[in-house]
Amino acid sequence: MKKIVCLCLCSLFLFSAAACAGKETEYVEPSLNGSLRWEEDLPLVKFPSAAESVDYIDSQSLNYDVQLLLSSVKSVVNANQPRIYTNESTLNYIQGSETIPSEAGTLSDQNWLDRLGYEYTEFTDPYEIVKKYSSEFTEAVIYDPEVVDTMNLASTYAGLHGALAVSPLVYGRLCQIGVELDIIEDYRGRFDDKIEVYEYLYDNLWEQCTHRLITCISNDFPGMVRDYAMASKSAIVWLDSLIAEERQLMEKFFADMVPGESAFLGWFPAGNEGPFITLSSQYGVFAVPSDYCENFSFFSGWGEVTPAKLAQVPALEDKIYVSVIISDGDNHQYMQHRMLEWWETWKMRMKYGMMDVFPISWSVSPSASVTQAALMNWYFTDTTEIESGTTVQDLTSFMTGPSGIGYNYPGFWEDKDAVKKIYAMTDKYCAETGITVVNNWSYGNDWSVGLTDQEKANMYAEYKNVLAVYDQSEMTGVNADSGLLVSYLTLPYTFEGNDESEAVSYVSDAVDIFVEQGEQGTVFVKLQFNPWDTIEAQKVDMLETIQKLYQRVKFPESSRDQNTFGDYTDVIEFVRIDEMAMLERQANGLSAVR
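Just so it is clear, the structure is predicted and the values come from calculations on it, not from any experiment.

### Structural notes on helix H6 (residues 168–176)
No. 1: Among the residues making up H6, those that are buried are Val170, Tyr171 and Leu174. Along the axis of H6, the buried residues cluster in a sector spanning 105 degrees; they form a single face. Away from its buried face by more than 90 degrees, H6 exposes Leu169 and Gln176.
No. 2: Phi turns positive one or two residues past the end of H6, at Gly178, with a value near 90 degrees.

Printed below as a string of structure tokens:
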């Protein structure tokens, strides 16, 4: 015990001296451990190439403290070479009014390693994995179970030193199995509440952390994205922007980050989405939503993206063009879980005749090419045959989530030059991934207010490869200097559950416009659907809603639908979002592609 106390006191003394000195010197970005590197032009860390075979454990049933242990071990081991993968959730097909045929199998039969054909050795005892890699770590940081936010503090400190963040009980268990670690910091009994914890983190650790990336995750998530955050030397916090004292503290962190070059990883307390994204946007920090993300420290080291396949240039005709998009691809964990559930259910329903075969597009984040390229490739290259001559790849395309490279509201950015950085970053990674459409979410606050036409042109000029920007509000126009189409989402986000009437009404409006035009010209309808609440309640089925929309528009049965759509079913065409962009560009006097 005396040895531990001495080590702690020594460490505290040395750290205090460094911290005091740091306040008088210019901030220096810390170097990364292992074989990690920062992605060029993007505030995300890239891990080295993964091993050919990985050690796997299903950690869903393990207690929080053991999950924290595994996250810590992954943060150290995978920084040298990704070799550990933990499965922390179960996937299932979405069940609506029908049942997926038994011959289709079930999603829960496969984790992503199975799906991607990766070789692995399965462990059942987490401590066996720890023992296997025990030569790669020698130190531990103890958090205080009585003040749970010290888990984030301990994770931050451990990440800076390549150590493990553990509970007192887990530390004792490690000693029992012969894994002896020096305690370099012990946070028990030192704090009364979370404010004290995060004020201490800001005053004493923040200057040692990266300022390119900050992580916001609850202590209820000891696993998930924590391994990636620790390896990145990111500060880990959990602050509520709706509570004044916590908001003020969060602003201190944001104020030290470079606008347009910084991101926050994770998520934030429930109900905070609008206020928190507004706050981060004001400081020029975009979000990488990832609170439920698993194995970033593994996926970031595996694979390069094969760009999504662009559709053939469609011929512009006198028609009403409709695109259906499934939202929330800004969320990286969505690609791992909810998107997969919907994707596989959609495929199976079409394949087995439970749903009409027509295009549906999806939103994804171009920055996922850094954090989980293998998953992005899996979606981009899915060639499952739906019917003779038609594959999934033929029926889908991709646009970004809001707003581009990461979740943000450009209208609230105070630094307009930083907005240009984000646009340039978005364009670069869209080009690399084959994404041609950007979903911009101005959130009721037009970033271009107060700018001259030339200043607006300079902003848009950062988009050199993207075909179109579709905004949540009615921002429209063509920028002649940049050749960029700027239009809007007809229905930015559905909130009407399983009632397709909201979406149908927009197509009905389009028919009225088409008639007013003398049944000539074009009308464009872009409908974005909410993938979340519909699954949560198990009462609403998003795909069933979309199917009802398609049926009512293309095969009207009721007298009302007959009166509205009956004479126009042949001129209403459902298209992919990349086709929509090419068609709308042509209608506005631009070339279909750039």
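### Topic: the environment of Glu414
No. 1: Note on placement: Glu414 falls in the loop between strand E17 (398–400) and helix H17 (416–433).
No. 2: C-alpha separation for the pair Glu414 and Gly284, spaced 130 residues apart in sequence, amounts to 7.4 Å.
No. 3: Ignoring any residue separated from it by four or fewer positions in sequence, one finds Glu414 in contact with Ser281 and Gln282.

### With respect to the pattern of salt bridges
No. 1: Under the criterion given, the structure shown has 22 salt bridges.
No. 2: Between Lys319 and Glu317 there is a salt bridge, with the nearest N and O atoms lying 3.8 Å from each other.
No. 3: The buried category is assigned to Lys319, whose relative accessible area is 15%.
No. 4: Sharing partners across several salt bridges, the network here consists of Arg115, Glu344, Lys347 and Asp382.

### Comments concerning the side chain of Asn439
No. 1: Residue position: Asn439 is located in strand E18 (residues 437–440).
No. 2: Asn439 sits in the buried class, given a relative accessible area of 0%.
No. 3: Excluding its chain neighbours within four sequence positions, the residues that come into contact with Asn439 are Met399, Thr400, Gly401, Pro402, Ser403, Gly404, Tyr470, Leu489 and Gln528.

### Overview of unusual backbone geometry
No. 1: Each neighbour pair has its own omega, and for Pro402 with Ser403 the value is -10 degrees, a cis peptide bond.
No. 2: Secondary-structure assignment places Ser403 in the loop between E17 and H17.
No. 3: Positive phi, normally seen in glycine, also occurs at Asp41, with a value near 65 degrees.
No. 4: Relative to the elements of secondary structure, Asp41 occurs in the loop between strand E1 (37–38) and strand E2 (45–46).
No. 5: The exposure class of Asp41 is partly exposed, given its relative accessible area of 45%.

### A closer look at helix H19 (residues 501–516)
No. 1: Between its first and last C-alpha, H19 extends 22 Å over 16 residues, near the 22 Å set by a 1.5 Å rise per residue.
No. 2: By the burial criterion, the buried members of H19 are Ala503, Val504, Val507, Ser508, Ala510, Val511 and Phe514. Projected down its long axis, H19 shows its buried positions confined to an angular sector of 155 degrees, all on one face.
No. 3: Buried residues in H19 make contact with strand E13 (320–326), strand E22 (523–529), helix H21 (542–554), helix H22 (559–565) and strand E23 (572–574).
No. 4: Phi turns positive, to about 75 degrees, at Gly518, one or two residues after H19.

### A word on the sheet that holds strand E6 (residues 139–142)
No. 1: An order of E7-E6-E8 is seen for the three strands of this open sheet, with the pairing classed as parallel. Edge strands, defined here as strands with exactly one partner in the open sheet, are strand E7 (164–166) and strand E8 (182–186). Pairwise comparison of adjacent strand axes, ignoring direction, gives a mean angle of 30 degrees for this sheet.
No. 2: Across the sheet, H6 is in contact with E6, E7 and E8; its angle to E7 comes to roughly 115 degrees.

### A closer look at the pairing of strand E3 (residues 53–58)
No. 1: Two strands pair when backbone bridges link them, and E3 and strand E5 (residues 119–123) are joined in this way by five bridges, in the parallel orientation. The residue bridging Asp55 from the neighbouring strand is Thr121, located in E5.
No. 2: Handedness of the crossover joining E3 and strand E4 (residues 84–87) through helix H2 (residues 64–80): right-handed.

### Observations regarding the packing of helix H7 (residues 194–204) against helix H9 (residues 244–255)
No. 1: Contact geometry of H7 with H9 gives a least axis separation of 11 Å together with a crossing angle of 15 degrees. It follows from the interaxial angle that H7 and H9 lie roughly parallel. Seen along the crossing, H7 lies across H9 with a hand that is left-handed. Between H7 and H9, the residues in contact are Lys194, Ile195, Tyr198, Glu199, Leu201, Tyr202 and Asp203 and Glu245, Glu246, Leu249, Lys252 and Phe253, respectively.
No. 2: Residue composition of the contact of H7 with H9, grouped by class: six nonpolar, no polar and six charged.

### Regarding the environment of Ser49
No. 1: In this fold, Ser49 is placed in the loop between E2 and E3.
No. 2: Excluding anything up to four places from it in sequence, Ser49 contacts Gln81, Pro82 and Gly301.

### Let's talk about the side chain of Gln333
No. 1: Checked against the element boundaries, Gln333 lands in helix H12 (residues 332–336).
No. 2: Apart from the residues within four sequence positions on either side, Gln333 is in contact with Pro289, Ser290, Asp291, Tyr292, Cys293 and Trp532.

### Focus: the packing of aromatic side chains
No. 1: Under the definition given, this model contains 45 aromatic pairs.
No. 2: When the centroid spacing of 5.7 Å and the interplanar angle of 90 degrees are considered together, the rings of Tyr85 and Phe299 count as edge-to-face. Here Tyr85 is found in strand E4, whereas its partner Phe299 is found in helix H11 (residues 296–299), with 214 residues between them in sequence.
No. 3: Aromatic side chains Tyr550 and Phe574 sit 4.9 Å apart centroid to centroid with 65 degrees between the ring planes, which places their arrangement in the edge-to-face category.

### Overview of the sheet that holds E5
Backbone-to-backbone hydrogen bonds pair the strands of a sheet. The strands run either parallel or antiparallel.
No. 1: Reading across the sheet, the three strands line up as E4-E3-E5 and stay open at both edges, with parallel pairing between neighbours. Unpaired on one side and paired on the other, E4 and E5 mark the two borders of the sheet. Taking each pair of neighbouring strands and ignoring which way they run, the sheet shows an average axis angle of 35 degrees.
No. 2: Running at roughly 150 degrees to E4, H2 makes contact with E3 and E4 of the sheet.

### Quick word on a nonpolar patch on the surface
No. 1: Residues Leu310, Val313 and Val593 make up a contiguous nonpolar surface patch of roughly 210 Å² in combined accessible area.
No. 2: For Leu310, the position within the fold is in the loop between H11 and E13.

### A word on the confidence of the model for the protein chain
No. 1: Predicted confidence across the protein chain gives a mean pLDDT of 88, with 87% of residues reaching 70 or more.
No. 2: Below a pLDDT of 50 lies the segment residues 1–22, which in the model reaches 15 contacts outside its immediate sequence neighbourhood of four places, other chains included.

How each quantity is defined
Residues numbered from 1 in each chain as written. Predicted model: local features only at pLDDT ≥ 70, side-chain atom pairs only at ≥ 80, totals over all residues. Heavy atoms only, no water. Buried < 20%, exposed > 50% of the residue type's maximum accessible area, 1.4 Å probe, protein only. Helix = DSSP H or I, 4+ residues; strand = E, 2+ residues; numbered from the N terminus. Arc of directions from axis to C-beta. Contact = heavy atoms within 4.5 Å. Salt bridge = Lys/Arg side-chain N within 4 Å of Asp/Glu carboxyl O. Expected span 1.5 Å × (residues − 1). Pairing = 2+ DSSP bridges. Axes fitted to C-alpha atoms, helices over the stretch in contact; angles between N-to-C directions. Right-handed = clockwise from strand over helix to strand, strands pointing away. Parallel < 35°, antiparallel > 145°, perpendicular 65-115°, else oblique. Left-handed = near helix turned anticlockwise from the far one by under 90°. Nonpolar A, V, L, I, M, F, W, Y, C, P; charged D, E, K, R; others polar. Phe/Tyr/Trp six-rings, centres within 6.5 Å; stacked < 30°, edge-to-face > 60°. Patch = residues over 30% accessible without salt bridge, like charges linked within 9 Å, V, L, I, M, F, W, Y side chains within 5 Å. Areas by Shrake-Rupley, 256 points an atom, 1.4 Å probe, with all protein chains shown as cover. pLDDT = per-residue confidence, 0-100.

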